[in-house]
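# Residue-level structure breakdown
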Amino acid sequence: MSRLLIVLICAVFTFSTAYAQDAKKKKETVTFFVEGMDCANCVKKIEKNIAFEKGVTDLKCDLNTRTAVVTYRADKTSKTKLASAFKKIGMEATPVDNGAGCSVDPAKKKK
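The present account deals with the structure reproduced in this document.

Thresholds applied
Residues numbered from 1 in each chain as written. Predicted model: local features only at pLDDT ≥ 70, side-chain atom pairs only at ≥ 80, totals over all residues. Heavy atoms only, no water. Pairing = 2+ DSSP bridges. Helix = DSSP H or I, 4+ residues; strand = E, 2+ residues; numbered from the N terminus. Core = buried A, V, L, I, M, F, W, Y, C linked by side-chain atoms within 4.5 Å. Buried < 20%, exposed > 50% of the residue type's maximum accessible area, 1.4 Å probe, protein only. Contact = heavy atoms within 4.5 Å. Axes fitted to C-alpha atoms, helices over the stretch in contact; angles between N-to-C directions. Phe/Tyr/Trp six-rings, centres within 6.5 Å; stacked < 30°, edge-to-face > 60°. Arc of directions from axis to C-beta.

Moving on, we get to the pairing of strand S1 (residues 27-34). As judged from the 7 bridges shared by S1 and strand S3 (residues 67-73), these two strands associate in the antiparallel manner. Opposite Thr31, over in S3, you have Val69 as the bridge partner. Pairing geometry for S1 and strand S4 (residues 93-96), over 4 bridges, is antiparallel. Paired with Thr31 across the two strands is Val96, which belongs to S4.

Printed below as a string of structure tokens:
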């Protein structure tokens, strides 16, 4: 009987540990409007740098809307840290609510 109890306790502990690790690995997605992204080289610069920030698991850039959709692990980084990473490469990035894209105002396009 005590052997069964030990096995049961070990099983519960293993399950709770696995569940806690899964909770830590929660992924979130944020869309940034990047004012300075106006050419293919800007997109490459973002992909080359932001994709390798700690915790980033996926990155998609859209030049037409000047947005970068970043999927990241919440236990490794945050929106604020990601915005700082954009700033480090010389680009101002503003989080956009609910992942909605921003249309590019033709008057704001740099020539």
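Following the structure, the description resumes.
Formed by 19 residues in total, the largest nonpolar core has its most connected members in Phe32, Val34, Ile46, Ile50, Val70, Leu82 and Phe86. Only S1, helix H2 (40-49), strand S2 (56-62), S3 and helix H3 (79-88) provide two or more residues apiece to this core. Val34 has contacts with Ile46, Arg66, Ala68, Phe86, Met91, Glu92 and Ala93, leaving out every residue within four places of it along the chain.

Strand order across the open sheet formed by 4 strands is S2-S3-S1-S4, with antiparallel pairing between neighbours. Each edge of the open sheet carries a strand with a single partner, namely S2 and S4. Between one strand axis and the next, the sheet turns by 30° as a mean value, whatever way the strands run. In the packing of H2 onto the sheet, contacts are made with S1 and S2, and the angle to S2 comes to roughly 175°. Of the strands in this sheet, S1, S2, S3 and S4 touch H3, which is tilted by about 40° from S1.

As for its position among the elements, Asn64 is in the loop between S2 and S3. In this structure, the C-alpha to C-alpha distance between Asn64 and Met37, residues 27 residues apart in sequence, is 9.4 Å.

Per the counting criterion, the structure on display carries 1 aromatic pair. Pairing Phe32 with Phe86 gives two aromatic rings, centres 5.2 Å apart and planes at 50°, and the pair type is tilted. Note that Phe32 is positioned in strand S1 and Phe86 in helix H3, a separation of 54 residues in sequence. An identical accessibility class is assigned to Phe32 and Phe86; each is buried.

Moving on, we get to the side chain of Arg66. Counting through the fold element by element, Arg66 comes out in the loop between S2 and S3. Looking at Arg66, the relative accessible area reads 2%, which means it is buried.

As a further point, take H2. Those residues of H2 not exposed but buried are Cys42, Val43 and Ile46. Looking straight down H2, one finds that the buried residues subtend no more than 100° of arc, so they occupy a single side. Set apart from the buried face of H2 by more than 90 degrees, the exposed residues are Asn41, Lys44 and Lys48. The secondary structure elements touched by the buried residues of H2 are S1, S2 and H3.

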